[in-house]
Each structure stands twice: as structure tokens, then as C-alpha cells.
Amino acid sequence: MSRATRPVECDWHHSSLCAILRSSYDAIPARNLCRDVPRTARSGRRTARRGLGMNDQARPERPRVGVVGLGAMGLGMARSLRAAGFDVGVHDLRPEVAAAFADEGGTAYASAGELAAAVDVLVGVVVNAAQVESVLFGADGAAERLRPGSVYVMCSTADPDWSAALEKRLAERGVRYLDAPISGGAARAASGELTMMTSGAAAAYAVADPVLDAMSATVYRLGDEAGIGSKVKIVNQLLAGVHIAAAAEAMALGLKAGVPADALYEVITHSAGNSWMFENRMAHVLAGDYTPLSAVDIFVKDLGLVLDAARPEKFPLPLAATAHQMFLQASASGLGGEDDSAVIKIFPGIELPEPSRSTEPVELSGPSRASGPSQSAEPTEES
Ligand SMILES: NC(=O)c1ccc[n+]([C@@H]2O[C@H](COP(=O)([O-])OP(=O)(O)OC[C@H]3O[C@@H](n4cnc5c(N)ncnc54)[C@H](O)[C@@H]3O)[C@@H](O)[C@H]2O)c1
Ligand SMILES: O=C(O)[C@H](O)[C@@H](O)CO
């Protein structure tokens, strides 16, 4: 069976996003962005594309899959894979989290290497490039134990050039690679409805497709070389970070002016100033709940990656730079591990809603926060 595809309109050529990609990221061929980008709806799950260069014997219909990194995103992704019928092996530096997943029916492995030896597809959902290096090339790492033909699916938000180089390093060992950053937050990870921004060789997709499908509502295939998915993710992070910072600043101004927080939330979420991030993150502020579904330090990292990508080109990013400073200020104030909505705490002289306050967003099918630490919480909203 082949996937349904949604040809992307060539409006991309004319959009500002495409302009940024083509000027500061000149490695993205426009043809890769504008053709045959598969779109898969959850209701339309299907078997993987066939006939992409592997012989049938080499391509497992349902690959054995492992997930390394069971944090806010990885735990939900592992659960989605189980819900889709996969036997899922896991590993995390925190053995108790892997053990808890084993209690649900998965299999816990003591090291990334042991897990790698047991799977065809290893999905990595650790925080950054340094952690991926540790997973793959650290003590009892995965790279040596992944069998030739198996695939490492790199879901971390990381430097696109590093990701492109990693594809080559793994290829030297016969290991395939997909550059596959994710979007949608902890709730969509848990419901198997992520957006994945992927690029890589057809042979890697041929093995990993059923795994990607099980974790996602939409899998964008953006090109046949690693790094392109990460470039698009970085553009998304520019918007996501700026939108959170702007939402916090606007909410802070309203509170300073004496407007009740829930009234602000109600009106703005029904007005032109709204954004996905305002609606999502300011609900956390309303609830006074800064349990990290995505931490302040994630945006210190991600907006840093955004700025790093533009700097060699001397490409100005004034909004991203300001937002980065805001997250840095929050982190320097000791808020790095809190939910990224805690960036609102950098504004002086405002009274934020108390945690005990059980405010529900008015007339919206408002999200309710998970309790407990992000890594172990069952997410109940989109983070
Ligand atoms: N949280 C979000 O909403 C979100 C959304 C989209 C993308 N992302 C990206 O996804 C990635 C994961 O983010 P997260 O929020 O799940 O992070 P997290 O900190 O919640 O989870 C990371 C997990 O990796 C584990 N880990 C770290 N190093 C390890 C190693 N060497 N071996 C085994 N396990 C290791 C940690 O113990 C932790 O459980 C990041 O790159 C992030 O930018 C996050
Ligand atoms: O796209 C997303 O899901 C978000 O921006 C995360 O990467 C960070 O909260």
C-alpha cells in the first residue's frame, strides 16, 4: 500500500518561511519542500510504503522498536507505539522510569547498547546533541550495537549541520538515520498525534515508516538528506519561542493594569491577538501550575539554536534574540526547570494566579494540567 500524499502548494515558494529557508538555509532545495509531502491522518493509518530499495526479506513489516529517553515526549511516544501494537523496548538514565514502563507491558533495558542490539528502529528522544552523542557513542552506547540496516530516528531538537553529519557517521557503520524532530507537545506525544518534520534516505523510511506512523498524525518528508527536518523545526522554534514570550509579556501587561487573569484569557483567546501558544501556555499561568511539560531551558536551547543558525549568515533575528534573552533571564533566576510559561515571572510588580486557584478557562474546552513531575505525568493537555 502506498501512503496518501498531500502535495504541498507551491505557495511555499512565495511565503516568507520559504524565503528564510532559501536564503539563510540554502541547502534546502525548493523541489523537496514542494512535492509529495505525505500527510497522514490518524484515521488513515496505513502500512509503510513499499518498493523503496530494500528487498522484502530485509524489510520487517513490523520492526522491533526501542525508545531511548522517556521524558515529557519520549514516554508518550513509547506508549503510543505500544497502543499501536508494537513490542517496545526502552532505556532511560532514570531506571525507575524505564521500570515503570516495563510494568505497563514494555521491556526495560539497562543500557542504550543493550536496547540497540534488540531492535530494528531506535527512536531517540533525549534533549540535545550532547545527550544523543552519549546515547550513541558513550559507554555501552547504541551505535556499536545497532545492526547494519537498522535505523536511528533522531527526534531531538538539535543543530541541523550536526544532524547531517551524524547521518554520515552512522552510515559508516551501516546504520540508517532519519532526521525527525517533533512538534505537538506531551499530550500529542501521548496520543500518537505528533507532527514529525523528517528527512533522510528512502531506505531508512522503508524500515521506520510504521514506527513514524504510530507516533504521528502527520509525517512530513522534507528531503532525502538529514538536516532538512531540523532546519524546519528550528523555524518552528523561532515562532514557538517568540509566541510564548509575547504571550507572557501581554498577560503581564494586562495583570499590571489590574485586569483579572481569567478575563484576559477569555477575551484574548477570542480575539485577533490570540495564538496557539497564548491559548496553551497562558492556561498554565491561569492555573498557577508551572509543572514542566516543556521547560524554560528547552527554549534557552532552542532559541539558541535559532540564533546559531542565522549568525554565520549575519541574518538578523531581532524578535528571536529578545525572546532568547527573556528565557535566559528566567533560567538565570532559577526557573530553568519550570514550565516555559514561567517566563512570565521575569516581569516585576505583577500578581500571578496562585496554584491553589482552580480556574478553568471560561467557555473553552480548556485543558487541565497534569500533576506531578513532567517525566512521569500523564499529560492531559497539549504542552
Ligand atoms: N517537551 C515538549 O513539549 C517538546 C516538544 C517538541 C520537541 N521537544 C524536543 O524533544 C526532546 C525531548 O524533550 P523532553 O521535553 O521530552 O525532554 P525531557 O528532559 O523531559 O526528557 C529527556 C529524557 O531523556 C533522558 N536521558 C537524557 N540523557 C540520556 C541518556 N544518555 N540515555 C538515556 N536517557 C537519557 C532523561 O532522563 C529524560 O527522561 C528535546 O530535544 C526537545 O527540545 C520537546
Ligand atoms: O513544537 C513544539 O512542540 C514546541 O515548540 C516544543 O518543541 C517546545 O515546547
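Residues numbered from 1 in each chain as written. Chains lettered and ligands numbered in written order. Predicted model: local features only at pLDDT ≥ 70, side-chain atom pairs only at ≥ 80, totals over all residues. Heavy atoms only, no water.

Q: For the site of ligand 1, give the residues involved together with the corresponding values.
A: Residues in contact with ligand 1 amount to 28 residues; listed here are only the nearest, D92, R94, V127, T157 and K301. At 2.8 Å, a side-chain N or O of R94 approaches an oxygen atom of ligand 1. Between an oxygen atom of ligand 1 and a side-chain N or O atom of K301, the distance comes to 2.9 Å. For ligand 1, the accessible surface in isolation is 830 Å², of which the surrounding protein chains cover 90%. Secondary structure elements with two or more residues in the shell around ligand 1: α6 (129-137) and α13 (296-310). For the shell around ligand 1, the per-class residue count stands at 12 nonpolar, 11 polar and 5 charged. (Near = heavy atom within 4 Å. Polar contact = N/O pair within 3.5 Å; in protein donor to acceptor, adjacent residues only side chain to side chain. Areas by Shrake-Rupley, 256 points an atom, 1.4 Å probe, with all protein chains shown as cover. Helix = DSSP H or I, 4+ residues; strand = E, 2+ residues; numbered from the N terminus. Nonpolar A, V, L, I, M, F, W, Y, C, P; charged D, E, K, R; others polar.)

Q: Account for the side chain of D289, with residues named and values stated.
A: For D289, the position within the fold is in the loop between α12 (276-287) and α13. On the accessibility criterion, D289 (17% relative accessible area) is buried. For D289, the side chain forms a polar contact with the side chain of T291, separated by 2.5 Å. (Buried < 20%, exposed > 50% of the residue type's maximum accessible area, 1.4 Å probe, protein only.)

Q: Can you break down the UniProt feature "domain: 6-phosphogluconate dehydrogenase NADP-binding" (unreviewed entry) in the protein residue by residue, with the values?
A: Residues annotated by UniProt as "domain: 6-phosphogluconate dehydrogenase NADP-binding" (unreviewed entry) correspond here to residues 64-223. Taken as a whole, residues 64-223 contains 42% helix and 23% strand, while its terminal C-alpha atoms sit 25 Å from one another. (UniProt positions renumbered as here; feature names shortened; annotations may be inferred.)

Q: Talk me through the UniProt feature "domain: 3-hydroxyisobutyrate dehydrogenase-like NAD-binding" (unreviewed entry) in the protein; I want residue IDs and the actual numbers.
A: On the UniProt side, "domain: 3-hydroxyisobutyrate dehydrogenase-like NAD-binding" (unreviewed entry) is annotated at positions that read residues 227-346 here. Overall, residues 227-346 shows 68% helix and 0% strand. The separation of its end C-alpha atoms is 34 Å.

Q: Go over the site of ligand 2 with me, naming the residues and quoting the values.
A: Taken together, S183, G184, G185, K233, N236, Q237, A240, R281, S294, F299 and D340 make up the full set of residues near ligand 2. Here an oxygen atom of ligand 2 sits 2.9 Å away from a polar atom, N or O, in the main chain of G184. N236 places a side-chain nitrogen or oxygen 3.0 Å from an oxygen atom of ligand 2. Taken by itself ligand 2 offers 270 Å² of open surface, and the protein chains cover 89% of this. With 4 residues, helix α10 (residues 228-256) is the largest single contributor of residues to the shell around ligand 2. Classifying every residue of the shell around ligand 2 by side-chain character gives 2 nonpolar, 6 polar and 3 charged.

Q: Outline the pattern of salt bridges, supporting the account with residue identities and numerical values.
A: Pairs can form between side chains of opposite charge whenever their charged atoms are close. Taken as a whole, this structure holds 11 salt bridges when the rule is applied. For R79, the salt bridge is made with E104, and the minimal N-O distance between the two is 2.6 Å. Of this pair, R79 sits in helix α3 (residues 74-83) while E104 sits in the loop between α4 (95-103) and β3 (107-108), placing them 25 residues apart in sequence. Relative accessible area serves as the criterion here: at 32%, E104 is assigned to the partly exposed category. (Salt bridge = Lys/Arg side-chain N within 4 Å of Asp/Glu carboxyl O.)

Q: Talk me through the pairing of strand β4 (residues 121-124); I want residue IDs and the actual numbers.
A: Judged by which residues are buried, β4 turns out to be covered on both faces: V121 and V123 on one side and L122 and G124 on the other are all buried. Pairing of β4 with strand β5 (residues 151-154) involves 4 bridges; the strand directions are parallel. Its bridge partner lying in β5, V121 is registered against V151. (Pairing = 2+ DSSP bridges.)

Q: Could you give an account of the pairing of strand β2 (residues 88-91), naming the residues involved and the relevant values?
A: Of the two faces of β2, the one carrying V88 and V90 and the one carrying G89 and H91 are both buried. Across 4 bridges, the pairing between strand β1 (residues 65-68) and β2 is parallel. Across the sheet, the residue bridging to V65 is V88, located in β2. Once you follow β1 into α3 and on to β2, the crossover reads as right-handed. With 2 bridges connecting them, β2 and β3 associate as parallel partners. Looking across to β3, one finds that G89 is bridged to T107. Between the parallel pair β2 and β3, the chain is carried across by α4, and the sense of this crossover is right-handed. (Right-handed = clockwise from strand over helix to strand, strands pointing away.)

Q: Could you give an account of α12, with specific residues and numbers?
A: Taking 1.5 Å per residue, 12 residues should reach 16 Å; α12 reaches 17 Å between its end C-alpha atoms and fits that length. Within α12, 10 of the 12 residues are buried, leaving the element largely enclosed by the surrounding structure. For α12, every residue scored as buried is listed here: M277, F278, N280, R281, M282, A283, H284, V285, L286 and A287. Buried residues along α12 sit in contact with α10, α11 (261-268) and α13. Phi turns positive one or two residues past the end of α12, at G288, with a value near 60°. (Expected span 1.5 Å × (residues − 1). Contact = heavy atoms within 4.5 Å.)

Q: Describe the environment of P348, and please don't skip the residues or the numbers.
A: For P348, the position within the fold is in the segment after α14 (318-335). Along the chain, P348 and K256 lie 92 residues apart, while their C-alpha atoms are 8.9 Å from each other.

Q: Tell me about α13, and please be specific about residues and values.
A: For α13, with 15 residues, the first-to-last C-alpha span of 22 Å sits near the 21 Å given by 1.5 Å per residue. Of all the 15 residues making up α13, 12 are buried; the element is thus mostly covered by neighbouring parts of the structure. Along α13, the residues that are buried comprise V296, F299, V300, K301, D302, L303, G304, L305, V306, L307, A309 and A310. Contacts made by the buried residues of α13 are with α10, α12 and α14.

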